[in-house]
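# Descriptive analysis of the structure
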Amino acid sequence: VGRLLAPCPSTAPPQEGKVLGRRTTPYFCRLAHPRAMQLKLAVLGAVGAQASFLEHTKNPVRKVVDLLQKLGKEIEDETSKAKKMYNKYMCYCDTNTASLEKDIEEEKEHISELEANMKELSGQNAQLEAEIADAQESLEANKKTIAEATVMRNNEAAQYASESGELKDSIAALAKAIPALKKGMENGSFLQASTWLTVQQQLLAALPQKKRAVVASELQNGSTDSGQILGVLEQMKESFETTLASATEEEQEAINTFNQLVGAKSDEINAASTAIEDKEARIAKQKQQIGDDTEDKEDTEVALEADESYLQKLSKDCKEATNTFEEESKARAEELSGIAEAIKILNDDDTLELMKKTMADSFVQRTQQSSRPREVQRALEVLAPARANPLYRGQLSLLMLSMKVTHRGHFDAVKKMVNKMIDNVKKEQAEQDEKKQFCDAEIKDGETKEASKKSDQKLIAQRAEQAQENVKTIKEEIKMLTKEIKELDAAVQEATETRQQKNAEFQKETADKNAAVDLLRKAKGVLAKTFGASLLQKGQAKDAQALDEMFGSFVQVDTVEEAESAQLDQFLDSSSSSQAQPAQAGKKNNGAAGMGIVNVLQQLIGDLNAELAEGKATEAAEQKAYEDLMADSQDTRAAKAKDITDKEEEVATEEQVLEELQSANDDLGEELHSVKAKLDALHEQCDFLLKQYDDQKKARSEVLESLHQSIAVLNGAKFD
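Residues numbered from 1 in each chain as written. Predicted model: local features only at pLDDT ≥ 70, side-chain atom pairs only at ≥ 80, totals over all residues. Heavy atoms only, no water.

### What to know about the overall build of the protein chain
Secondary structure summary: the protein chain contains twelve helices and zero strands in total. Ordered by position from the N terminus, the helices and strands of the protein chain form the series α-α-α-α-α-α-α-α-α-α-α-α. Taken across its 720 residues, the protein chain has 37% of its residues classed as buried. Sequence separation of 24 or more characterises 86% of the internal contacts of the protein chain that already satisfy a separation of 6 or more. Here the protein chain has roughly 42200 Å² of accessible surface; of this, 52% comes from carbon and sulfur atoms. (Helix = DSSP H or I, 4+ residues; strand = E, 2+ residues; numbered from the N terminus. Buried < 20%, exposed > 50% of the residue type's maximum accessible area, 1.4 Å probe, protein only. Contact = heavy atoms within 4.5 Å. Areas by Shrake-Rupley, 256 points an atom, 1.4 Å probe, with all protein chains shown as cover.)

Structure (structure tokens):
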């Protein structure tokens, strides 16, 4: 009877779910094994028969049949409820198993993808590092090539400057000597050997040292014939001019070749530098990606381990639930079969007739001989209020029915039933307490995670907004720097055009002044020759040396103006120091007046030379200022261009951050959805328990109190 009256709760606790994290074995009402069915039916038959006799004396067996039918109905209801709960639990098992298997498959695939991606990125980084090393080696080689070519070009330029300077000096000397010789040939003054010797000495003195031996050799191999001498000098001048033109052409070709080489190597250096920077940035980005993939892989492996562990546990729990359901279903089927067989026996007409004859007198005699014990009556009164609780109404009804047929001295079985029920109620309350504690903790944890995910989403949104603002600001700065570079390029272009214009003006002005100086020198030479010869004929010059010196003043090419001025001053001094001859009748001597004009021309030449020197100094200063401006502009432009490159990298970094933030936000969205789903499942499974917890705890407390009092009453306690 105790096993038959084992409590079957009217509400089932929540089934296990992925969100619960542990298995809660479903409740299925447990009844006694069918092998004890005949004993139970016999006892119930006796109890039912006596109760029926007390209430309905006409048909005591019918009461037993009714009780059996009622019990069978309860078992069928319990079977139906258990099947519904089992089906629901199996649906949970199937759904979560499929979801977990899918998650595990995706996690394994994701780990494989991450490992492959990390391996690929590592290989790419190794290749990029090798390419950077090659590019760096090429860059250094190109720099070395430019440096060596620059040294060679400087040496060639210096050599050309030296040789061309000598050639120009020689050509200039010959250019003055040849007209002088032609002029002398017209006057016949150069046919004398002494005069030719003077011209030769002065010509050699005007030539560069390296050319003197060549010219001297040519002059010595010739004769004193003025025509032959003039031919030799003209041939030498033409040879020098041809050599200078050839050297100038070769120098220009060398300059062009050097510029092409430097330009090509500079382009290669710039390309290599850009490639190195790009590849270093790519390596840094891919290393960051490898780090992110490593972290993602570790997180995925942790999740995979947790999912595999939970899937294993879920499979075990679902299998145990299936085994339990099948065992209990089999037991219920056997119990229903036994009840049906017992009802069939008791409903037989012969059985009913026999029971009426044999049991009626026995119940009447027992009723007349004894009445219900006072302890039982008091215990029934104690349990009556608790029976109103629907949670244990069925169990208390059976317990009270058993008490009604109990005689004094036979309370042990009833006490055992009461104690068994007390243990069951306490066990149910302990399980409810455990489930409530679990639900409270899991719901609190889920709500905490939900709040944390929402907070993370808010922080990501703020960071994304800041990154977008940074990108906008940096792009505005890049736009401003680009505008400044364009303005700087325009200013450089304007300065270059201005410098070219001023240089052209300087060159023209210099050429005009040099032409004026040449004309003045030519006029001065003619006057000096004319009036100097007059002074010599009149005895106003010391000797022919003064005339030779005067002659040399216009055939010799002086590289320094002071030398020419000193030579002229020497001649003038010699002219003025000669004693004047007595005045003679005839032509007036204009030598002194002419030489005065020569002196004026010399002053004009000096003024022009001073202006040329000043203009040259001014041009050099302006050219230096222009070159400094170009250097500063180039540095400024390079700095601004570098700023643009750096800021473009910052934009790329911020945009990468935005992509990562978007990805993180998407992941958070999925995690938040999962957390909400778990919370919803928790609320679905726990809300009823939490809502009914206090009422059911109070009901169990009242039932326990009634059961304890009934035990005390049966033990002889008295309650006022």
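### Things to note about the nonpolar core
In terms of nonpolar packing, the biggest core is built from 25 residues, with Leu 396, Leu 399, Met 403, Val 418, Met 421 and Leu 707 touching the most fellow members. Taken together, the elements giving at least two residues each to this core come down to helix 7 (374-387), helix 8 (393-404), helix 9 (412-537) and helix 12 (591-714). Discounting residues that sit within four places of it in the chain, Met 403 has contacts with Val 376, Ala 379, Leu 380, Leu 383, Val 414, Val 418, Ser 710 and Leu 714. Ala 82, Tyr 86, Ile 104 and Leu 314 belong to the second largest nonpolar core, which has 16 residues in total. (Core = buried A, V, L, I, M, F, W, Y, C linked by side-chain atoms within 4.5 Å.)

### Focus: the state of the cysteines
On inspection of all chains with the given rule, the structure shows two disulfides. Covalent S-S linkage joins Cys 93 and Cys 318, the inter-sulfur distance amounting to 1.9 Å. Between Cys 93 and Cys 318, the S-S dihedral sits near -95°, and the bridge is therefore left-handed. With Cys 93 in helix 2 (residues 60-187) and Cys 318 in helix 5 (residues 226-346), this pair connects stretches of sequence that are 225 residues apart. The two residues Cys 93 and Cys 318 agree in class, both being buried. (Disulfide = S-S within 2.5 Å.)

### Brief notes about the environment of Lys 513
Along the polypeptide, Lys 513 turns up in helix 9. On the basis of relative accessibility, which here comes to 17%, the residue Lys 513 falls in the buried class. It is 6.5 Å that separates the C-alpha atoms of Lys 513 and Leu 608, two residues lying 95 residues apart in sequence. When neighbours within four sequence positions are excluded, Lys 513 is seen to be in contact with Leu 608, Glu 611 and Leu 612.

### Focus: the packing of aromatic side chains
As enumerated under the stated definition, the model contains two aromatic pairs in all. The interplanar angle of 5° and the centroid separation of 4.0 Å between the aromatic rings of Tyr 86 and Phe 325 together place this pair among those described as stacked. Of this pair, Tyr 86 sits in helix 2 while Phe 325 sits in helix 5, and the two are 239 residues apart along the sequence. Taken together, a centroid distance of 5.9 Å and an interplanar angle of 35° make the contact between Tyr 89 and Tyr 92 tilted. Of the two residues, Tyr 89 and Tyr 92 are both situated in helix 2; the distance of three residues between them amounts to about one turn of the helix. Like Tyr 89, the residue Tyr 92 is buried in the burial classification. Between the NZ or CZ atom of Lys 436 and the centre of the ring of Tyr 693, over which it lies, the distance is 5.2 Å. (Phe/Tyr/Trp six-rings, centres within 6.5 Å; stacked < 30°, edge-to-face > 60°. Lys NZ or Arg CZ within 6 Å of the ring centre and 35° of its normal.)

### A closer look at the pattern of salt bridges
Applying the stated criterion across every chain, the model contains 30 salt bridges. Glu 484 is paired through a salt bridge with Lys 640; the nearest N and O atoms lie 2.6 Å apart. In this pair, Glu 484 sits in helix 9 while Lys 640 sits in helix 12, placing the two residues 156 residues apart along the sequence. In this structure, the salt-bridge partner of Glu 509 is Lys 513, at a minimum N-O distance of 3.0 Å. Of the two residues, Glu 509 and Lys 513 are both situated in helix 9; the distance of four residues between them amounts to about one turn of the helix. Residue classification places Glu 509 among the partly exposed positions, given a relative accessible area of 41%. (Salt bridge = Lys/Arg side-chain N within 4 Å of Asp/Glu carboxyl O.)

### Quick look at helix 8
Given a rise of 1.5 Å per residue, twelve residues ought to cover 16 Å, and the 16 Å separating the end C-alpha atoms of helix 8 matches this to within 8%. For helix 8, every residue scored as buried is listed here: Gln 395, Leu 396, Leu 399, Met 400, Leu 401, Ser 402 and Met 403. (Expected span 1.5 Å × (residues − 1).)

### As for the environment of Asn 609
Within the secondary structure, Asn 609 is located in helix 12. Once the C-alpha coordinates of Asn 609 and Asn 514 are considered, the two residues, 95 residues apart in sequence, prove to be 8.3 Å apart.

### Remarks on a positive patch on the surface
Together, Lys 70, Arg 387, Arg 393 and Lys 404 make up a region of like positive charge exposed at the surface. Its place among the elements puts Lys 404 in helix 8. Accessibility expressed as a relative area gives 35% for Lys 404, which makes it partly exposed. (Patch = residues over 30% accessible without salt bridge, like charges linked within 9 Å, V, L, I, M, F, W, Y side chains within 5 Å. Lys, Arg positive; Asp, Glu negative; His and termini not counted. Charge placed at Lys NZ, Arg CZ, Asp CG, Glu CD.)

### A closer look at a negative patch on the surface
Together, Glu 295, Asp 296, Glu 298, Asp 299, Asp 666, Asp 667 and Glu 670 give the surface a local cluster of negative charge. Those elements that provide at least two residues to the negative patch are helix 5 and helix 12. It is helix 5 that contributes the most residues to the negative patch, four residues altogether. Checked against the element boundaries, Asp 666 lands in helix 12.

### Some details on the confidence of the model for the protein chain
Confidence in the prediction of the protein chain, expressed as mean pLDDT, is 75, and 71% of residues score 70 or more. Across residues 188-195, where pLDDT falls below 50, the model places eleven contacts with residues more than four positions away in sequence or in other chains. Of the regions scoring below 50 in pLDDT, residues 538-587 engages in 70 contacts with residues more than four places distant in sequence or in other chains. (pLDDT = per-residue confidence, 0-100.)

### A look at the packing of helix 7 against helix 8
Two numbers describe how helix 7 lies on helix 8: the axes approach to 10 Å, and their chain directions differ by 170°. The orientation of helix 7 with respect to helix 8, classified from their angle, is roughly antiparallel. Contacts between helix 7 and helix 8 involve Val 376, Ala 379, Leu 380, Leu 383, Ala 384, Ala 386 and Arg 387 from the first element and Arg 393, Leu 396, Ser 397, Leu 399, Met 400, Met 403 and Lys 404 from the second. Per-class residue counts for the contact of helix 7 with helix 8 are ten nonpolar, one polar and three charged. (Axes fitted to C-alpha atoms, helices over the stretch in contact; angles between N-to-C directions. Parallel < 35°, antiparallel > 145°, perpendicular 65-115°, else oblique. Nonpolar A, V, L, I, M, F, W, Y, C, P; charged D, E, K, R; others polar.)

### Re the environment of Ile 255
Mapped onto the fold, Ile 255 is located in helix 5. Judged by its relative accessible area of 26%, Ile 255 is partly exposed. The spacing of Ile 255 and Ala 157 is 98 residues in sequence and 8.7 Å in space, taken between C-alpha atoms.

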